[in-house]
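# Working through the structure, step by step
Letter by letter, the chains look like this.
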Amino acid sequence: MAKDSNGYKDTDDKLPQAKRVKNKSPAPVQITAEQLLREAREGQEGEFRPPQQQINDATELADFRLRMRKGFEDQVRRQKQNARVWIKYARWEESQKELDLARSVWERLLEVDYRNHTVWVEYAGMEMKNKMINHARNVWERAVQLLPSVDQLWYKYIHMEEMIGNVARARGIFRRWMDWMPDQQGWIKFIEFELRYNEVYQARAIFEQFVQCHPKADAWIRYAKFEMKNGDVARLGRDRIPKGKADSLYRMFEEFEERYGDRQGIEDAIVNKARFKYEQEVRKNHLDYDAWFGYTRLEENAGNKEKIRQVYDRAIANVPPAQEKRYWQRYIYLWINYALYEEIDARDEDHARAVYRMCLELIPHKKFTFAKMWILAAEFEIRQLKLESARKILGTAIGKAAKGKIFKRYIEIEWQLRNADRCRKLYEKYLHWSPENSYAWISYAEFEEKNCDAERARSVYELAISQKQLDKPELLWKSYIDFELAEREFERARDLYGRLLERTQHVKVWISYAAFEASAMVGGDGMRSEDVIEQKEQCIQRARRVFERASDYFRTSAPELKEQRSMLLEQWRNTEEEFGDFGDVTLVQAKLPRRLKRKRPIVVEDGGSAGFEEYIDYLFPEEALNTNWKLFEAVYHWKRRKDSSAEDGEDKET
């Protein structure tokens, strides 16, 4: 190795020499960062989890606690300034229901670092969680005295007192906090606290102190908005300002809010402008219920309870001039919204009940009524757990202005309470009031069916079909037949179809009858296959007989009902196809008609013609034979006339 003149080794020969890159093209296989991270995760070992330890007696529990405390003490001794270790230690003592030891840990931590407000919050939170209110109050008092500039400690302290209902103490804490002149948010929270309890005068006094502590534009804007919401309307002077000037005034106020206020301030300015607009509309037409709806919705969004009630009272005072239901349909919803607001938003049971009572007294029930209002009033009483009051309201409704909806809802309520006798009495009154109502009869029978009393249900159905007039008899008969089928009383159902056909020969009745016969198998799951086949063949034969009877009826007794006859035959053919190997489509194939498109004149009211229209006609086989015979007869007569003419011509020539 070479040396310099002083005898030291020359280090130049140890310097690495630059290497040449032979190939600068990218590698054929590229490795991404995601692949490297995935391979790194796969190479890591699984998370270590200590085995679960089961404690069987008090001795083992004491040993476990001793080991844990020794471990925690070692940690806090090594990491005395680490608050997390102390908090974990205190929480563990709390989990062991050792509150005194947990307090000892918290106090030792405060001796180390009392300036950490998180420690105070956790300490007081432990006391509140274990319902130690006096201990928690002691912790909060020490915290706000040592750290009065930390807003979170004041918020938490006040929130605790307010949650336990100690409003006076919470107000006192707020006042002590305000002595330290906090930022604007603290003053705003104090004002919101007073407004929650409708202490408007207290809130106004706080605003006076607020603007003195923070004499800024946004503070004065908040004060002005407060007065606009809760102060005297006359102070604003908007009623004395002409409409054109008022619009310009509100526009200037909006611009001022956009420049100096926040989002809430801008929204309040818009609300005030909308309020002025609604006032102009209702003064122009006090029966404009849409304007009243918008006005009440606006005030509900604003949230001032007194203003909301004031607007609602003004709105419902505008009774429609005529006692006709069409004029009252919009007006009645003002009462409904008012009652729902009192119950849901204001949570004032007495006010809501008074609204319902006044509305029901105002409606002229002898001319018309609103079932919705009776039902809402009764449901309100049920929500207040006053069932007798609800029954009294619904009973009064039935006595004054009975309606089907009232009966239905009253029966539903009693059925939910499983009062079967009351339901029967209500059904009897319902049917006495409206004996032609098929729905009422069906509902009564289904009620008895749900009570597992088939004989009562059958008696109700029999009484129903014996009525001289029914609004929808087809639904009643269908329900009766379905009931017997559900009871597997096939003979009774067959008898019902026969009785129904004595009253009506509608094609749908025949089709339903045939479908019933095709599926009326009496046997159960334990039948032999031979018996099943025999019963199936019997069902098919009975269904065919029904189709044949129906076809003969439409062919002989009602030949003009061609479309219904065609529908019946098509259903017969489909049924034979559904029978599969047991079916015989040829039985009905020869009876099917041809569909013909024809034209007929359109006759107007004065008897004249207005052109032609196309319609579908059906040509049945027997009609086709008659048509062909008539054609042959016409040709025969034509031939004879032609031959006679030829003979006469020959005689004349001769």
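Residues take numbers from 1 onward in each chain, read along the sequence in its written order. For a predicted model such as this one, the threshold for reporting local features is a pLDDT of at least 70, and the threshold for listing and counting side-chain atom pairs is 80 or more; totals across whole chains, interfaces and linings nevertheless cover every residue. Hydrogens are left out, water is left out, and the side-chain values use all remaining heavy atoms of the structure.

UniProt positions are given in the numbering used here, feature names are shortened, and annotations may be inferred rather than shown by experiment. A UniProt comment under Sequence similarities (unreviewed entry) is attached to the protein, and it reads "Belongs to the crooked-neck family." Under Subcellular location (unreviewed entry), UniProt gives the following word-for-word description of the protein: "Nucleus".

Moving on to the overall build of the protein. Each helix corresponds to a stretch of at least 4 residues labelled H or I by DSSP, and each strand to a stretch of at least 2 residues labelled E; elements are numbered beginning at the N terminus. Of the regular secondary structure elements, the protein holds 31 helices and 2 strands. Only protein chains enter the accessibility calculation, which uses a 1.4 Å probe; a residue whose area is less than 20% of its type maximum is buried, one above 50% is exposed, and one in between is partly exposed. A total of 654 residues make up the protein; the buried ones form 36% of that total. We call two residues in contact whenever any of their non-hydrogen atoms come within 4.5 Å of each other. Within the protein, residue pairs in contact and separated by at least 24 positions form 47% of the contacts whose partners lie at least 6 positions apart. Using a 1.4 Å probe, the Shrake-Rupley method yields the accessible areas, and only the shown protein chains count as cover for residues. Accessible surface, the protein as shown: approximately 42400 Å² in total, 50% of it carbon and sulfur.

By the element assignment, Glu489 lies in the loop between helix H25 (473-486) and helix H26 (490-503). Take Glu489: its relative accessible area is 33%, and that puts it in the partly exposed class. With 31 residues separating them in the primary sequence, Glu489 and Ala520 have C-alpha atoms 9.7 Å apart. Discounting residues that sit within four places of it in the chain, Glu489 has contacts with Arg458 and Glu484.

An expected span of 1.5 Å times one less than the residue number is assigned to each helix. Over its 13 residues, helix H5 (residues 117-129) runs 18 Å from end to end, which matches the ideal 18 Å to within 8%, given 1.5 Å per residue. Three or more residues of H5 are buried, namely Val119, Trp120, Val121, Tyr123, Ala124, Met126 and Glu127. Where H5 is buried, its residues meet helix H3 (83-95), helix H4 (99-112), helix H6 (133-146) and helix H7 (151-163). If you check the start of H5, you find a side-chain oxygen 3.1 Å away from the backbone N of Thr118, and it comes from Asn116. Note on H5: the residue one or two positions beyond its end, Lys131, has a positive phi of about 60 degrees. Residues adjacent in sequence count toward polar contacts only when both atoms are side-chain atoms; beyond that, a polar contact is any pair of N or O atoms within 3.5 Å, and within protein one must be able to donate a hydrogen and the other to accept it.

Next up on the list: unusual backbone geometry. Positive phi, close to 60 degrees, is recorded for Lys131, a residue that is not glycine. With respect to the secondary-structure elements, Lys131 resides in the loop between H5 and H6.

Right, let's get into the packing of aromatic side chains. In this scheme Phe, Tyr and Trp rings, the latter by its six-membered ring, pair at centre separations within 6.5 Å, and the angle between planes marks the pair as stacked below 30 degrees, edge-to-face above 60, and tilted otherwise. Applying the stated criterion to the full structure yields 38 aromatic pairs. Their ring planes at 35 degrees and their centres at 5.7 Å tell us that Tyr461 and Phe483 sit as a pair that is tilted. One end of the pair, Tyr461, is in helix H24 (residues 454-465); the other, Phe483, is in helix H25, and 22 residues separate them in sequence. Of the two residues examined, Tyr461 and Phe483, each falls in the buried class. In this structure an aromatic cluster arises from ring pairing among Trp154, Tyr155, Phe174, Trp177, Phe190, Phe193 and Tyr197. Comment: the charge-over-ring label is applied if NZ (Lys) or CZ (Arg) is within 6 Å of the ring centre and within 35 degrees of the ring normal. Positioned above the aromatic ring of Phe370 is the side chain of Lys325, whose terminal nitrogen or guanidinium carbon lies 5.1 Å from the ring centre. Lys408 extends its terminal NZ or CZ atom over the ring of Tyr439, reaching a point 4.2 Å from the ring centre.

Turning next to the pattern of salt bridges. The salt bridge criterion pairs a side-chain nitrogen of Lys or Arg with a carboxyl oxygen of Asp or Glu, the two atoms within 4 Å. Enumeration over the complete set of coordinates arrives at 48 salt bridges. As a salt-bridge pair, Arg492 and Glu489 come within 3.8 Å of each other at their nearest N and O atoms. The network of salt bridges with shared partners includes Arg137, Glu141, Glu161, Arg169 and Arg176.

With that settled, consider the packing of helix H22 (residues 420-433) against helix H23 (residues 438-450). Each axis is a line fitted through C-alpha atoms, and for a helix only the stretch in contact is used; angles between axes span 0 to 180 degrees, taken between their N-to-C directions. Relative orientation of the contacting elements H22 and H23 amounts to 160 degrees, with a least axis distance of 10 Å. The angle between the axes of H22 and H23 places the two elements in the roughly antiparallel class. The handedness of the crossing between H22 and H23 comes out as left-handed. Between H22 and H23, the residues in contact are Ala420, Cys423, Arg424, Tyr427, Glu428, Tyr430 and Leu431 and Tyr439, Ala440, Trp441, Ser443, Tyr444, Phe447 and Glu448, respectively. By the definition adopted for this analysis, an angle is roughly parallel if under 35 degrees, roughly antiparallel if over 145, roughly perpendicular if from 65 to 115, and oblique otherwise. Take the far helix as your reference; a near helix turned counterclockwise from it by less than a right angle gives a left-handed crossing, and one turned clockwise gives a right-handed crossing.

All right, on to the pairing of strand S1 (residues 594-603) then. Burial of S1 is sparse: only 1 of the 10 residues sit out of reach of the surface. Being paired, for any two strands, means DSSP has found at least two bridges between them. Remark: 5 residues form the turn of the hairpin made by S1 and strand S2 (residues 609-619), two consecutive strands paired antiparallel; Gly607 in that turn has positive phi of roughly 95 degrees.

The subject of this paragraph is the nonpolar core. Most often, soluble globular proteins have nonpolar side chains that are buried together. Core analysis: the biggest nonpolar cluster contains 96 residues, and Trp292, Leu334, Trp335, Met373, Leu476 and Leu568 have the highest contact counts within it. Excluding its chain neighbours within four sequence positions, the residues that come into contact with Leu476 are Ser438, Trp441, Ile442, Tyr461, Ala464, Ile465 and Leu470. Residues belong to a common nonpolar core when they are buried Ala, Val, Leu, Ile, Met, Phe, Trp, Tyr or Cys residues joined through side-chain atoms within 4.5 Å. If you look at the next biggest cluster of nonpolar residues, it comprises 51 residues, including Trp92, Ala124, Val150 and Ala203.

Here Ser551 is to be found in helix H28 (residues 529-557). Overall, the relative accessible area of 4% leaves Ser551 in the buried class. Those residues in contact with Ser551 that sit more than four places away from it in its chain are Arg565, Leu568 and Leu569.

Bridge count for S1 against S2 is 9 bridges, and the pairing is antiparallel. Within S2, the residue paired with Arg595 across the bridge is Tyr618.

Turning to the confidence of the model for the protein, a few remarks are in order. Scored from 0 to 100, pLDDT records how confident the predictor is in each individual residue. Summarising the model, the protein shows a mean pLDDT of 83, and 83% of its residues fall at 70 or more. Low pLDDT, under 50, characterises residues 237-241; the predicted model gives this stretch 10 contacts beyond four residues in sequence or across chains.

Turning next to the packing of H28 against helix H29 (residues 562-578). The contact between H28 and H29 brings their axes to 10 Å, and the two run at 160 degrees. Here H28 lies roughly antiparallel to H29, going by the angle between them. In this structure, H28 crosses over H29, and the sense of that crossing is left-handed. Note on element contacts: H29 touches H28 through Gln564, Arg565, Leu568, Leu569, Gln571, Trp572, Thr575 and Glu576, opposite Arg544, Phe547, Glu548, Ala550, Ser551, Phe554 and Arg555. Considered class by class, the residues forming the contact of H28 with H29 number 6 nonpolar, 4 polar and 5 charged. Each residue gets one of three labels, nonpolar for Ala, Val, Leu, Ile, Met, Phe, Trp, Tyr, Cys and Pro, charged for Asp, Glu, Lys and Arg, and polar for the others, Gly among them.

Here Arg115 shows up in the loop between H4 and H5. The exposure class of Arg115 is exposed, given its relative accessible area of 60%.

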